[in-house]
Amino acid sequence: MRLANKVALITGGTSGIGRATVLLFSQEGAKVSFTGRNETKGREVLAKIKKTGGKAIFIKADVRSSEECRKTVEKTLKAFGRLDILFNNAGVYFHHTVVDCTEEEWDLTLDINLKGTYLMSKFALPPMIAQGSGVIINNSSGWGLVGGNEAAAYCAAKGGVVLMTKAMAIDHSPKGIRVNCICPGDVDTPMLAEDARLRGMSWKDYLANASDRPLHRIGKPEEIAKAALFLASEDSSFVTGAILAVDGGGTAD
């Protein structure tokens, strides 16, 4: 119960890494507010939490909207009285070079992955500052640390998240708020399966490509959730401004 009496807000919490983190944080004692754009999936996750006795609320929200981000924080505070942890996880990916990427895809990628992280943090920080404590975890990518092929907008957005994390840590750590970043490698999520489809690869061949990294496999959403738990808990009380690659050694090779 490493998050007992804590309140966590997780964006993109209805599938993949976000869903795994919502469930894990709840198991560790947190009251969880989570967002997504799919109400059916949101209700499914909520039902699973309530079945185990956890406390959670689902908020249908689009992180591109300043108003919706503000209301998400307000609803979380109204439901649980405080906000201790923000996990900026919502993301989107398009398989394109700069030449092939449309302006609409570019804007959508930057708006969800980068602007959404900024907006949620903008509204979550004031109550954290007021209470003198808080943790923000930003979800970037291994491709926020190194370049990736045919993913220009995604790399740009996730690279921005990495440096924004460092800037936020410098600005807000003196006020009792730790800000860190996770950079996952390939993880078994719907987004990864979609990347395989867009690249015209079978899932079997896609997985075979993972054999050239040190751990010879892709990750599981639960493994990224455990990294988020470490950064959210007091186990990482002296950690801020850190960029944690959770990628099976992909960026070390």
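Look above for the structure.
Figured I'd write up the structure that's included with this text. Remember, it's a predicted structure, so these values are computed and weren't measured experimentally.

About the criteria used
Residue indices follow the written sequence of each chain, beginning from 1 at its first position. Reporting in this predicted model follows two pLDDT cut-offs: at least 70 for local features of residues, and 80 or more for side-chain atom pairs to be given and counted; totals over whole chains, interfaces and linings ignore these cut-offs and use all residues. Water and hydrogen atoms play no part in the side-chain values, which are based on all heavy atoms of the structure. For helices the rule is a DSSP run of H or I covering at least 4 residues; for strands it is a run of E covering at least 2, with both sets numbered from the N terminus onward. In this description the radius of gyration comes from C-alpha coordinates, and the expected globular size is given by 2.2 Å times residues to the power 0.38. A 1.4 Å probe rolled over the protein chains alone gives each residue an accessible area, and that area as a share of the maximum for its type sets the label: buried under 20%, exposed over 50%, partly exposed in between. We call two residues contacting when some pair of their heavy atoms lies within 4.5 Å. The Shrake-Rupley method, run with a 1.4 Å probe sphere, supplies the accessible areas, and residue values consider only the shown protein chains as cover. Residues scored as charged are limited to Lys and Arg (positive) and Asp and Glu (negative), so that His and the chain ends carry no count. Each charge is placed at NZ for Lys, CZ for Arg, CG for Asp and CD for Glu. Two strands qualify as a pair provided that DSSP identifies no fewer than 2 bridges between them. Helix axes use the C-alpha atoms of the stretch in contact, all axes being lines fitted to C-alpha atoms, and the angles between their N-to-C directions lie in the range 0 to 180 degrees. The labels follow the angle: roughly parallel below 35 degrees, roughly antiparallel above 145, roughly perpendicular from 65 to 115, and oblique for the rest. Handedness of a helix crossing follows the sense of rotation of the near helix relative to the far helix, less than a right angle counterclockwise being left-handed and clockwise being right-handed. Note on residue categories: nonpolar means Ala, Val, Leu, Ile, Met, Phe, Trp, Tyr, Cys or Pro, charged means Asp, Glu, Lys or Arg, and polar means any other residue, Gly included. Expected helix span is taken as 1.5 Å per residue step, with the number of steps being one fewer than the number of residues. Here the term right-handed applies to a crossover when the path leading from its first strand over the helix to its second strand runs clockwise, the strands being oriented away from the viewer.

## Comments concerning the overall build of the protein
- The helix and strand tally for the protein stands at eight helices and seven strands.
- The C-alpha atoms of the protein give a radius of gyration of 17 Å, which matches the 18 Å a tight globule of 253 residues would have.
- Considering only C-alpha atoms, the protein reaches an extent of 50 × 40 × 35 Å along its principal axes.
- Within the protein, buried positions represent 48% of all 253 residues.
- Long-range pairs, those at least 24 residues apart, make up 71% of the contacts in the protein between residues at least 6 apart in sequence.
- Per element, the accessible surface of the protein, about 11,800 Å² overall, is 54% carbon and sulfur.
- Where the 31 positive side-chain charges of the protein centre and where its 28 negative ones centre are 10 Å apart.

## Focus: the sheet that holds strand β2 (residues 31-36)
- Spatially, seven strands are ordered β3-β2-β1-β4-β5-β6-β7 in an open sheet, and the strand pairing comes out parallel. Here the strands that pair on one side only, and so sit at the sheet edges, are β3 (56-60) and β7 (243-246). Averaged over all adjacent pairs, the angle separating strand axes in this sheet is 15°, with direction ignored.
- Where strand β1 (residues 7-10) lies against β2, four bridges are found, and the strand directions are parallel. Note on β2: the bridge partner recorded for Ala 8 is Val 32.
- Lying over the sheet, helix α3 (residues 66-80) contacts β1, β2 and β3, oriented at roughly 160° with respect to β3.
- Strands β1, β4 (85-88), β5 (134-139) and β6 (177-184) of the sheet are contacted by helix α4 (residues 103-131), whose axis makes an angle of about 175° with β4.

## Focus on the side chain of Thr 117
- Take Thr 117: it is sitting in helix α4.
- With near-sequence residues (within four places) excluded, Thr 117 lies in contact with Asn 88, Ile 112, Asn 138, Val 161 and Met 164.

## Details of the packing of α4 against helix α5 (residues 152-172)
- Look at α4 against α5: their axes get within 8 Å of each other, and the N-to-C directions meet at 15°. It follows from the interaxial angle that α4 and α5 lie roughly parallel. Here α4 runs over α5; the crossing is right-handed. Counted together, Trp 106, Thr 109, Leu 110, Asn 113, Leu 114, Thr 117, Tyr 118, Ser 121, Leu 125 and Ile 129 of α4 and Ala 152, Ala 153, Tyr 154, Ala 156, Ala 157, Lys 158, Gly 160, Val 161, Met 164, Met 168 and His 172 of α5 form the full contact between these two elements.
- Residue composition of the contact of α4 with α5, by class: 14 nonpolar, six polar and one charged.

## Digging into helix α1 (residues 16-27)
- An ideal rise of 1.5 Å per residue puts 16 Å on twelve residues; α1 measures up with 17 Å between its terminal C-alpha atoms.
- Burial analysis of α1 places ten of its twelve residues in the buried class, the great majority of the element.
- Listed as buried for α1 are Gly 16, Ile 17, Gly 18, Ala 20, Thr 21, Val 22, Leu 23, Leu 24, Phe 25 and Ser 26.
- At the C-terminal side of α1, Gly 29 shows a positive phi close to 100°.

## Remarks on the side chain of Ser 26
- Looking at where Ser 26 falls in the secondary structure, it is placed in helix α1.
- For Ser 26, the residues in contact, after removing those within four places along its chain, are Val 32, Ile 49 and Gly 54.

## Quick look at the pairing of β5
- The element β5 is largely enclosed, with a buried count of six among its six residues.
- Of the strand pairs in this sheet, β4 and β5 are connected by four bridges, and their pairing is parallel. For Phe 87, the partnering residue across the bridge sits in β5 and is Ile 137.
- Following the chain from β4 across α4 to the adjacent parallel β5, one finds a crossover that is right-handed.
- Bridge count for β5 against β6 is six bridges, and the pairing is parallel. Each bridged residue has a counterpart across the sheet, and for Gly 134 the counterpart in β6 is Ile 177.
- Tracing the backbone out of β5, into α5 and back to the parallel element β6 gives a crossover that is right-handed.

Remember that the coordinates give geometry; whether it matters functionally is a separate question.
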